[in-house]
Amino acid sequence: MALAIFDLDETLIHGDCATLWSEQMGRLGWVDPESFMCKNNELMDAYSHGKLRMEDYMEFSLEPLIGRTPEEVEHLVGPWVEDFIEPIIFSDATKTIAAHRKAGDRILVISASGTHLVKPIAERLGIDEVLGIELEVAHGVYSGHTVGTLTYREGKITRLLEWLDAEEENLEGASFYSDSRNDLPLLLKVDFPHVVNPDPVLREQAEKSGWPIHLWK
């Protein structure tokens, strides 16, 4: 049994779940939609150019959750996933997941988004195992802080290696699917890297290295 590892945003879904959740927080009245999305888009532009400090984005995006219970947030995330995420899941992604499942592979989503979003989205795809950015809960409510290593760039490798050790797994024969230059460190570490609708930097690397390039819809 080999691992089939998937990035989430712009890989399994046609969009970025953190940005879409930011829009939802505007609809919920938790933030001022115009100013919040202006800052969100500024930070995501830095991400697309490989220049984002993920700590900055998480501090910004988690501020509206401060003082809210995980149960309150989960209650609102569920319908949002159904209404806004399910329609943008790539059908080619579901087919690829099904093929790996049929082959007996163990499927893992590893994402630079918060687990409060990653877990329910992965569940809709039939995937139980995820690694994402962990949110701190203090006195029963979100503190606005994160816990542990952020699953971003090299941090994905750190968290994955910890998970492999805990699960007594290894990367032999592992596949990893991603769209982003930010995932090059992990793509270079697996036996079977796959790029999905890649950004220009990742496409160049894939062409140079002879990696499969998938144009998922």
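Residues numbered from 1 in each chain as written. Predicted model: local features only at pLDDT ≥ 70, side-chain atom pairs only at ≥ 80, totals over all residues. Heavy atoms only, no water.

Draft legend 1. Structural view of the overall build of the chain. Helix and strand content of the chain: nine helices and seven strands. On C-alpha atoms alone, the chain measures out to a radius of gyration of 17 Å, which is about the 17 Å that the 2.2 N^0.38 rule sets for 217 residues. Overall, the C-alpha framework of the chain stretches about 45 × 35 × 30 Å when taken along its three principal axes. Taking all 217 residues of the chain together, 53% fall into the buried category. (Helix = DSSP H or I, 4+ residues; strand = E, 2+ residues; numbered from the N terminus. Rg over C-alpha atoms; globule rule 2.2 N^0.38 Å. Buried < 20%, exposed > 50% of the residue type's maximum accessible area, 1.4 Å probe, protein only.)

Draft legend 2. Representation of the pattern of salt bridges within the structure. Counted according to the given criterion, the structure contains 14 salt bridges. Taking the shortest distance from any N to any O, the salt bridge between Arg106 and Glu167 comes out at 2.5 Å. Of this pair, Arg106 sits in strand β2 (residues 106-114) while Glu167 sits in helix α7 (residues 154-167), and the two are 61 residues apart along the sequence. The exposure class assigned to Glu167 is partly exposed, which follows from its relative accessible area of 34%. Across the salt bridge formed by Arg106 and Glu169, the nearest N and O atoms sit 2.9 Å from each other. (Salt bridge = Lys/Arg side-chain N within 4 Å of Asp/Glu carboxyl O.)

Draft legend 3. Representation of the side chain of His100. Inspection of the secondary structure assignment puts His100 in helix α5 (residues 91-102). For His100, a relative accessible area of 11% corresponds to the buried category.

Draft legend 4. Quick look at the environment of Pro200. By secondary structure assignment, the location of Pro200 is in helix α9 (residues 200-209). Separated by 193 residues in sequence, Pro200 and Asp7 have C-alpha atoms that sit 17 Å apart.

Draft legend 5. Representation of a negative patch on the surface in the model. A cluster of acidic side chains, namely Glu71, Glu74, Glu123 and Asp128, defines a negative patch on the protein surface. Along the chain, the position of Glu123 falls in helix α6 (residues 115-124). By relative accessible area, which is 54% here, Glu123 ends up exposed. (Patch = residues over 30% accessible without salt bridge, like charges linked within 9 Å, V, L, I, M, F, W, Y side chains within 5 Å. Areas by Shrake-Rupley, 256 points an atom, 1.4 Å probe, with all protein chains shown as cover. Lys, Arg positive; Asp, Glu negative; His and termini not counted. Charge placed at Lys NZ, Arg CZ, Asp CG, Glu CD.)

Draft legend 6. Region of the structure containing the packing of helix α2 (residues 33-48) against helix α3 (residues 54-62). Two elements in contact, α2 and α3, have axes whose closest approach is 10 Å; the angle formed by their N-to-C orientations is 160 degrees. Considering the angle they form, α2 stands roughly antiparallel to α3. As α2 packs across α3, the resulting crossing turns out to be left-handed. Note on element contacts: α3 touches α2 through Met54, Asp56, Tyr57, Phe60 and Ser61, opposite Phe36, Lys39, Asn40, Leu43, Met44 and Tyr47. Of the residues assigned to the contact of α2 with α3, the class counts are seven nonpolar, two polar and two charged. (Axes fitted to C-alpha atoms, helices over the stretch in contact; angles between N-to-C directions. Parallel < 35°, antiparallel > 145°, perpendicular 65-115°, else oblique. Left-handed = near helix turned anticlockwise from the far one by under 90°. Contact = heavy atoms within 4.5 Å. Nonpolar A, V, L, I, M, F, W, Y, C, P; charged D, E, K, R; others polar.)

From the geometry alone we can't say anything about function, so treat these as descriptive.
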